[in-house]
Amino acid sequence: MTTGTLITVAPTGAESAKAEVPALPVTLDELLLTAKECEALGASVIHVHIRDDDARPTLDPGRLRATVAALRESTNLIVQLSTGGAVTDPEAHRLAVLDAGPDMTSCTMGTVNFGDDVFLNRWEFIVDLHTRMQERGIVPEYEIFDLGHLTALRRLLDRYGLPHGGHVHVDFVMGVPGGMPGTTATLVAAQQMLHDLPEGTTFSATGIGRSSIPVMLASLSTGGHLRVGMEDTVTYAKGRPVESNMQLVARAVGFAQLAQRPPLNTTQARELLGL
């Protein structure tokens, strides 16, 4: 059982519209303020999507580089960029995210129905992303939307080797319509499948929407870590919109402390992740 808890904040995402969720941080200044506040509360990783001047999702290379630089200057957080982007982003643009030089990037391990859309991740694309990260010294977080994605991850590691730093860390994204449900039983099944991966593999869990709290509790009880943020849920409780990412991080920190697994600081998080 891991004694501390890695807490990742995913503050923005690519799905919610600023007009519908006014508290969503979409400008660089809003993102930096959110990052500082969440780090002070106990987050050690920030999972980043960015928006353009009209608050639309973008993978603009210049904006990504500026965002990474600003986060490094203003915080000690581990900067993890999303290579998922929006479901409509082409593969070339998603691969180019690595050029911004983050500490980590996400690497989704398979295609999944995503509500009414399809989040496409071809095997060749996954291999390309994995090997480019190895070459550039970027640590992946392998995103798992369904249990079969864990089998794909084992195949990837067997054929192409361990990630940079040698440590394997996955994030179970649970409760997406079309992916695995955000239930305790599913998380336990997923956690058991980690035994087929390299020894020492760690996991975080993300509960989308109303599955957020059950997934947090299940993850803490099975030795896992937490990802929370307005990318994944914009409702704090029934009929109560999230006011800020701080609310969600504070709740995760409270749960971690109740579980006697206090948040890891950024130095401890870097050691855990092989950075």
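Each value, and the rule that gives it
Residues numbered from 1 in each chain as written. Predicted model: local features only at pLDDT ≥ 70, side-chain atom pairs only at ≥ 80, totals over all residues. Heavy atoms only, no water. Helix = DSSP H or I, 4+ residues; strand = E, 2+ residues; numbered from the N terminus. Contact = heavy atoms within 4.5 Å. Pairing = 2+ DSSP bridges. Axes fitted to C-alpha atoms, helices over the stretch in contact; angles between N-to-C directions. Phe/Tyr/Trp six-rings, centres within 6.5 Å; stacked < 30°, edge-to-face > 60°. Lys NZ or Arg CZ within 6 Å of the ring centre and 35° of its normal. Buried < 20%, exposed > 50% of the residue type's maximum accessible area, 1.4 Å probe, protein only.

Asks: Hey, could you run me through the side chain of Ser 219 in this one?
Replies: Position of Ser 219 among the secondary structure elements: in helix H7 (residues 212-221). Contact partners of Ser 219, with chain neighbours within four places excluded, come to Leu 187, Phe 203, Ala 205, Gly 224, His 225, Leu 226 and Arg 261.

Asks: For this particular structure, what's the right way to read the environment of Lys 18?
Replies: By secondary structure assignment, the location of Lys 18 is in the loop between strand S1 (7-9) and helix H1 (28-41). Look past the residues within four positions of Lys 18 in its chain and what remains in contact with it is Ala 23, Leu 24, Val 26, Glu 30 and Ala 55.

Asks: What am I meant to see in the sheet that holds S1 here?
Replies: Hydrogen bonds between backbone atoms are what pair the strands of a sheet, whose relative direction is either parallel or antiparallel. An order of S1-S2-S5-S6-S9-S10-S11-S12 is seen for the eight strands of this closed barrel, with the pairing classed as parallel. On average, adjacent strands in this sheet sit at an angle of 30 degrees to one another, irrespective of strand direction. Relative to strand S12 (residues 225-228), strand S11 (residues 202-207) is paired through two bridges, and the arrangement is parallel. Looking at the pairing, Ala 205 lines up with Leu 226 of S12. Helix H2 (residues 61-74) contacts strand S2 (45-48) and strand S5 (78-81) of the sheet and is inclined by roughly 160 degrees relative to S5. Its contacts with the sheet place helix H6 (residues 184-193) against strand S10 (169-174) and S11, and it is angled at close to 155 degrees to S10.

Asks: What is the right way to look at the packing of aromatic side chains in this model?
Replies: Ring pairs (aromatic) are described by centroid distance and by the angle formed between their planes. Summed over all chains, the structure comprises four aromatic pairs. Residues Phe 172 and Phe 203 carry aromatic rings whose centres are separated by 5.3 Å and whose planes lie at 45 degrees to one another, so their mutual orientation is tilted. In this pair, Phe 172 sits in strand S10 while Phe 203 sits in strand S11, placing the two residues 31 residues apart along the sequence. Through a chain of ring-to-ring contacts, the aromatic side chains of Phe 114, Phe 119 and Phe 145 assemble into a single cluster. Taking NZ or CZ as reference, Arg 155 lies 3.9 Å from the ring centre of Trp 123, over its face. Directly above the ring of Tyr 236 sits Arg 251, whose terminal nitrogen or CZ lies 4.1 Å from the centroid.

Asks: Teacher, can you tell me more about unusual backbone geometry here?
Replies: Only a minority of non-glycine residues have a phi that is not negative, and only a minority of peptide bonds are not trans. The phi torsion at Ala 55 lies on the positive side, around 65 degrees, for a residue other than glycine. Here Ala 55 is to be found in the loop between strand S3 (50-51) and strand S4 (57-58). For Ala 55, a relative accessible area of 17% gives the class buried. With a phi close to 60 degrees, Gln 260 is a non-glycine residue in the positive phi region. Inspection of the secondary structure puts Gln 260 in the loop between helix H8 (245-258) and helix H9 (266-273).

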